[in-house]
Amino acid sequence: MVGLDTVVYGDVTVLDLIVFAISVVIIVIVARIIAIYLKRALSDRMEREELDKLVKVVQVIIVLIGVWFALPSFDIDVGQLLVVGGTVGLIVAFASQKIVSNLGSGIFLLIERPVKIGDTIRIGETSGTVNQIHILSTIVKTYEGIYVRIPNEEVFTSEITNYVANPARRFEYLVSIGYGDDTGRAVQVIRKLLEDHPFVLRNPAPSVFVSELGDSGVELTVYIWAPSRVWWSVRTELLQKIKEALDREGIEIPFPQRVVTMAEARRRTEPAGESDRHAGQ
Amino acid sequence: MFGESDYSFTYDSEEVSIRIDPSDGFYQYVRKSGTEAITKVISGGSRKIVVNPVEPVNLPREVTRFLEIHFTPVAIEPDSGETVYVTFPVEIGIFLESKGDFDVLDIFTLSRPKYSLYGPPEEGVITRYHKSAVSGTIPKLDRLKEGVIALSITNASRNWVEVSRVVFDCSSFFLYYGDIVSVVARMNILSRDIADVRSEDRPLGEGMVPSILVNKARKTLIPDKIPFTMEFGVGD
C-alpha cells in the first residue's frame, strides 16, 4: 500500500511529490493571473507583440523562481539534480529528436525573427496571419479563419514570404482601353486618382504608362506603392475607382475583339478582277 | 474652436459641423464633414470635453508615427545655424475628460492627408507627407488647417548642407495652440545623410496652451524627448 510517507526515490516521498506538484500548479496559476493583470494594465500602452513577449518572459521567470523554491521540499541537492537532469535531458533529447529540432528551430526563429505576430505571411503552402509564435510551433490564422499549427522545424526550413516585413510594398494593375480612346487622358485620369488617394505613397511615386499595344486595346500598366499595413485595402479600393473614373470620362475598357472580313462582302466591294485573284489564292 | 468646454459645445462652418445633443438619457456626439458623418453615444459623466490640435498622423487610419515635411531647400553653412518657419497639417482631436483622464472621442482634419516613404522600401519609415513653404517669420495660417514649426537647424558638419526635408517622430511631439498652432523643434545636422530631430516642450509665443495629445491620452509608454535620427538624407 502506497502511503504519503512512501519513499519514491532517495529521500523523496509521495508527500514531497504531491507538495511539489501543488506548488507548481499554484505557481502556474499565479503566473497566469499576473499575465492577465499585465495584459489588462498595458494592453493600450504597448504594441501587442511587445506586450506578448513581456508577458511570456514574466511568466517564465515566475515559474522558474517558483520551481526553484519548491524544490527544497524534496530535500534535493540542486547541483546533483543538474547533473542527473543533464543526463536525463540527453536521453530525452535523443528519444525526442523532432521536439528538440522544433525547439532549436523555435529559438533560431526568435533570434532571426523572419516573422512577427500579426504579419501576413506564406509558409510553404500556408498563407495567413501569424497569431502566435511558440517555442515549438507557430500558429497561423489563414485568410479563411482556419487555425493552422506549423511545427517550427517546418517554418525554419520552409521558404517564408512575409508580405509586410518591409514598410511599403508595390502592386500593379493592368488596365486596357480602346484604340479609339485618348490614351493621354486615360493616364491623366488615373494619375489624378492616385494623387488624391492618401495611401498611394508620394515617394516612391506611382507610375502609369502604356505597356503594350494589345490585340483588343491599349494596355496601361499602373505601379503603386502603399504602406504594407494597408496595401490590400488600397488595392481593392483603387481598382474600382479607376474603373468608375474611366467610365465617367467615356473611356472604354474593351472586350476581346477580332476583325473578321467576309469573302462575299469583299467580292462585292472590290473590282471583278481583284475578287477573282483573291478567290484563286 | 480649441479649448475646454462642456456638452453645450457646437461648431458650425462650411467644412465641418459638430454638436452634442441629449438623447435618451445619454448624449449624442455628431460630426459632419464633407460626406463623412460620425455619431457616438457618450455618457453624462463630467460633461467636459477638450478640443485641440493633435499629432497629424492619425487619419484616415493610423499607419505611422512619423511626419515628413518637404520645403524649399535651405543651404546652411558649416558650423552655423538658422531658424526657419515651416508649416504642418493640423488634425483636431476631441477628448472626453474626467478627473484629469482623457479619452479620444474623435479626430478629424480639414487638410488632405498624404503619405510617403522616407528611406528605402526595405528599411525606411512610412511618413505623413506635407509640402511647405519656408519663411523667416511666422506665416499667417488658418489654425484649423495648418500649424507652424519654428525649426532651428544647426549644421554641425564640415560641409555646406542643403536641407529640404525634416522627419519628426510624433510619439514625442509637443504641440501648443493659441492664435496659431505651433511646434518648436530642433534639427541637428551631422552630415548630408544624418540629422537628429526633436520637438521641444515649449510654446512659440506667450499665452499658448499645450495640447492634449493622442499618445498621452492613450497613455502609451514612450520615453520623453527621444530625438529621431534621419538616416536617409536631409535633402531631395
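Residues numbered from 1 in each chain as written. Chains lettered and ligands numbered in written order. Predicted model: local features only at pLDDT ≥ 70, side-chain atom pairs only at ≥ 80, totals over all residues. Heavy atoms only, no water.

Enquirer: An account of the overall build of chain A is needed here, citing residue identities and associated values.
Expert: Assigned secondary structure in chain A consists of nine helices and 10 strands. Out of the 281 residues in chain A, the part that is buried amounts to 31%. Considering only residue pairs separated by 6 or more positions, chain A has 60% of its internal contacts joining residues 24 or more positions apart. When the accessible surface of chain A is split by element, carbon and sulfur atoms take 60% of a total near 18100 Å². (Helix = DSSP H or I, 4+ residues; strand = E, 2+ residues; numbered from the N terminus. Buried < 20%, exposed > 50% of the residue type's maximum accessible area, 1.4 Å probe, protein only. Contact = heavy atoms within 4.5 Å. Areas by Shrake-Rupley, 256 points an atom, 1.4 Å probe, with all protein chains shown as cover.)

Enquirer: So what about the overall build of chain B? Which residues, and what values?
Expert: Looking only at helices and strands, chain B features one helix and 19 strands. Radius of gyration (C-alpha) of chain B: 19 Å, near the 18 Å computed for a compact globule of 236 residues. Principal-axis analysis of the C-alpha atoms gives chain B an extent of 65 × 40 × 35 Å. Going through the 236 residues of chain B one by one, you find that 51% of them count as buried. The long-range share in chain B, meaning contacts at least 24 apart out of those at least 6 apart in sequence, stands at 73%. Accessible area of chain B: about 11000 Å², with a carbon and sulfur share of 47%. Between the averaged position of the 26 positive side-chain charges in chain B and that of its 34 negative side-chain charges there is a distance of 2 Å. (Rg over C-alpha atoms; globule rule 2.2 N^0.38 Å. Lys, Arg positive; Asp, Glu negative; His and termini not counted. Charge placed at Lys NZ, Arg CZ, Asp CG, Glu CD.)

Enquirer: I'd like a description of the nonpolar core, backed by residues and values.
Expert: Ranked by size, the top nonpolar core spans 55 residues in total, and within it M1, F168 and M187 of chain B carry the most contacts. Considering each element in turn, this core owes the most residues, six residues, to strand β7 (residues 66-76) of chain B. If sequence neighbours within four positions are ignored, M187 of chain B has contacts with L151, S152, I153, T154, V163, R165, V166, A195, D196, V197, M230 and V234 of chain B. Within the second largest apolar cluster, 33 residues are counted, among which are V187, I190 and L201 of chain A together with I126 of chain B. (Core = buried A, V, L, I, M, F, W, Y, C linked by side-chain atoms within 4.5 Å.)

Enquirer: Lay out the interface of chain A and chain B with the relevant residues and their values.
Expert: Between chain A and chain B, the contact holds 23 residues from the first and 20 residues from the second. Interface of chain A and chain B: buried area, both sides summed, is about 1900 Å²; carbon and sulfur atoms make up 57% of it. Run the count over chain A and chain B and you get one salt bridge. Residues D196 of chain A and R112 of chain B are paired through a salt bridge, measuring 3.2 Å at the closest nitrogen-oxygen approach. For the interface between chain A and chain B, the tally reads 12 residue pairs in polar contact (both at pLDDT 80 or more). Within the residue set of the side of chain A that touches chain B, elements represented by two or more residues are α6 (183-196) and β10 (218-227) of chain A. If one sorts the elements of the side of chain A that touches chain B by residue count, α6 of chain A sits on top with three residues. (Buried area = accessible area lost by both parts, 1.4 Å probe. Salt bridge = Lys/Arg side-chain N within 4 Å of Asp/Glu carboxyl O. Polar contact = N/O pair within 3.5 Å; in protein donor to acceptor, adjacent residues only side chain to side chain.)

Enquirer: So what's going on with the sheet that holds strand β3 (residues 16-23) of chain B? Residues and values would help.
Expert: Residues and elements named next belong to chain B. On the basis of which strands lie adjacent, the open sheet formed by four strands has the order β2-β3-β4-β5 and antiparallel pairing. Edge positions in the sheet fall to β2 (10-12) and β5 (36-42), since each of these pairs with one other strand and no more. Put simply, the sheet's adjacent strands are angled 20 degrees from each other on average, direction ignored. The pairing of β2 with β3 spans three bridges and is classified as antiparallel. Following the sheet pairing, T10 is matched in β3 by R19. (Pairing = 2+ DSSP bridges. Axes fitted to C-alpha atoms, helices over the stretch in contact; angles between N-to-C directions.)

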